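Structural description and commentary
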Amino acid sequence: MLPKEPGPIGVFDSGYGGLTILSEIQKALPEYDYIYLGDNARAPYGMRSFEMVYEFTLQAVTRLFEMGCHLVILACNTASAKALRSIQMNDLPDMDSSRRVLGVIRPTVESLGTVTRSRRVGIMATTGTIDSESYPLEICKLYPDIRVWGEACPMWVPLVENNEYNGPGADYFIQKHVNGLLGKNEGIDTIVLACTHYPLLLPKIRHYTPDGVRIVMQGELVAMSLKDYLQRHPEMERRCTKGGTCYFYTTETESKFSRLAAVFLHKPIEVSHLVLE
């Protein structure tokens, strides 16, 4: 039986990049309580099958519900692409139809209508997110006139997680993929960074991106979308506690998570270990 009393907002990611989403959410909504859960022991999800990503994500969502969350944000593009719809349609009705799971793709896509002038958009993401075609499909639903090109950047996440994103070695891979994307269509005027790790690479991405090409990051968009969601759904807002706290959990060792989390949050944190199954 899931707890009925109000609880924190859950934020889930397969790895560490979701911390960039959490940081922006906390800036926009500092009064709420949060639980961040990273399935870091089984990351990355990007190359895993739809079935495995769905299974792992459902385990995480279930655990966050058991920990008192009524609302869970999938701060992970791969989980949003491969698991969100199945959980919303197939699992929530049986688990608790009043609880909600939201992703990061829809808020990102909704912003594009007022950003791109040429109606030509590039997506930079992990191989799994690109292969899922979730962004082109979602963009087509909202903006049929926008054309989309994708570029998988498999080395970008390791650069961040190995703290090499500021080093000279990162320049080769960033320039390679920026040029690769923009070479697919000269009219691309907007690039979506569709991986939560990529904000840490932003200075170098901007360096190799021509003036006039806009770069869209997800953190602030997701935070503003969540703020709007809670305003439009007072019944859910009342189920979210407000104490300004945040607790971190990982399926990895606490020491490794704390070390890498500091790269994203720029401060030390305390974290607890748990097992998902």
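So, here's what we can say about the structure. Keep in mind that this is a model prediction, so the values were computed, not measured.

Considerations on the environment of E277
- Mapped onto the elements of the fold, E277 is located in the segment after β10 (271-273).
- Distance in space between the C-alpha atoms of E277 and T62 is 9.9 Å, their sequence separation being 215 residues.

Looking at the packing of aromatic side chains
- The tally for this structure, following the rule as stated, stands at nine aromatic pairs.
- Pairing Y36 with F257 gives two aromatic rings, centres 6.3 Å apart and planes at 45 degrees, and the pair type is tilted. Taken together, the residues span a long stretch of sequence, with Y36 in strand β2 (residues 34-38) and F257 in helix α13 (residues 254-265) at a distance of 221 residues.
- Site record: aromatic cluster; members linked through ring pairs are Y16, Y36, F248, F257 and F264.
- Across from the ring centre of F50, 5.1 Å away, lies the NZ or CZ of K82, which sits over that ring.
- Above the face of the F65 ring, R99 is positioned so that its terminal group lies 5.4 Å from the ring centre.

A word on the sheet that holds strand β1 (residues 9-13)
- Spatially, β4-β3-β1-β2-β9-β10 is the arrangement adopted by the six strands of the open sheet, whose pairing is parallel. Pairing within the sheet leaves two strands with one partner each, and these edge strands are β4 (100-102) and β10. With direction set aside, neighbouring strand axes in the sheet form an average angle of 25 degrees.
- Looking at chain direction, strand β3 (residues 71-74) and β4 are connected through three bridges and run parallel. Among the inter-strand pairings, I73 is bridged to a residue of β4, identified as L102.
- Across the face of the sheet, helix α4 (residues 84-95) comes into contact with β3 and β4 while running at roughly 170 degrees to β4.
- In this fold α13 packs onto β2, β9 (246-250) and β10, with an angle of close to 140 degrees to the strand it touches most, β10.

Brief notes about the sheet that holds strand β6 (residues 147-152)
- Spatial strand order, β6-β5-β7-β8: four strands in an open sheet with parallel pairing. On the outer flanks of this sheet lie β6 and β8 (214-216), each paired with one strand and no other. For this sheet, the mean angle separating the axes of adjacent strands, direction not counted, is 25 degrees.
- In this sheet, strand β7 (residues 190-193) lies alongside strand β5 (residues 120-125) in parallel orientation, the contact comprising four bridges. Considered in β7, the bridge of M124 is made with L193.

Some thoughts on α13
- The first and last C-alpha atoms of α13 sit 16 Å apart over 12 residues, in line with the 16 Å expected at 1.5 Å per residue.
- Regarding α13, the residues found buried are F257, L260, A261, V263, F264 and L265.
- In this structure, the buried residues of α13 make contact with α1 (18-28), β2, α8 (156-161), β9 and β10.
- The first or second residue beyond α13 is H266, which carries a positive phi of 60 degrees.

Quick word on the pairing of β3
- Neither face of β3 is open: one carries L71 and I73, the other V72 and L74, and all of them are buried.
- Bridge analysis of β1 against β3 gives three bridges, and the strand direction is parallel. For F12, the partnering residue across the bridge sits in β3 and is L74.

With respect to the pattern of salt bridges
- Under the counting rule described, the total for this entry stands at 15 salt bridges.
- For D96, the salt bridge goes to R99, with nearest N and O atoms at 2.9 Å.
- E151 serves as the salt-bridge partner of K184, at 2.9 Å between the closest nitrogen and oxygen. Within this pair, whereas K184 is found in the loop between α9 (168-182) and β7, its partner E151 is found in strand β6, the two being separated by 33 residues in sequence.
- Three or more residues are tied together by salt bridges with common partners; here these are R85, R106, E110, E138 and K141.

Focus on the side chain of T209
- By secondary structure assignment, the location of T209 is in the loop between α10 (202-208) and β8.
- Looking at T209, the relative accessible area reads 8%, which means it is buried.
- At 2.6 Å, the side chain of T209 forms a polar contact with the backbone oxygen of I205.

Points about the packing of α1 against helix α11 (residues 219-232)
- For the pair α1 and α11, interaxial distance at closest approach is 8 Å and the crossing angle is 45 degrees. With respect to α11, the element α1 is oriented oblique. As α1 runs across α11, the sense of the crossing is right-handed. Mapping the contact onto sequence places I21, E24, I25 and A28 in α1 and G219, E220, V222, A223, M224, L226 and K227 in α11.

Cut-offs used in this document
- Residues numbered from 1 in each chain as written.
- Predicted model: local features only at pLDDT ≥ 70, side-chain atom pairs only at ≥ 80, totals over all residues.
- Heavy atoms only, no water.
- Helix = DSSP H or I, 4+ residues; strand = E, 2+ residues; numbered from the N terminus.
- Phe/Tyr/Trp six-rings, centres within 6.5 Å; stacked < 30°, edge-to-face > 60°.
- Lys NZ or Arg CZ within 6 Å of the ring centre and 35° of its normal.
- Pairing = 2+ DSSP bridges.
- Axes fitted to C-alpha atoms, helices over the stretch in contact; angles between N-to-C directions.
- Contact = heavy atoms within 4.5 Å.
- Expected span 1.5 Å × (residues − 1).
- Buried < 20%, exposed > 50% of the residue type's maximum accessible area, 1.4 Å probe, protein only.
- Salt bridge = Lys/Arg side-chain N within 4 Å of Asp/Glu carboxyl O.
- Polar contact = N/O pair within 3.5 Å; in protein donor to acceptor, adjacent residues only side chain to side chain.
- Parallel < 35°, antiparallel > 145°, perpendicular 65-115°, else oblique.
- Left-handed = near helix turned anticlockwise from the far one by under 90°.

By themselves, these are just geometric observations and shouldn't be taken as functional.
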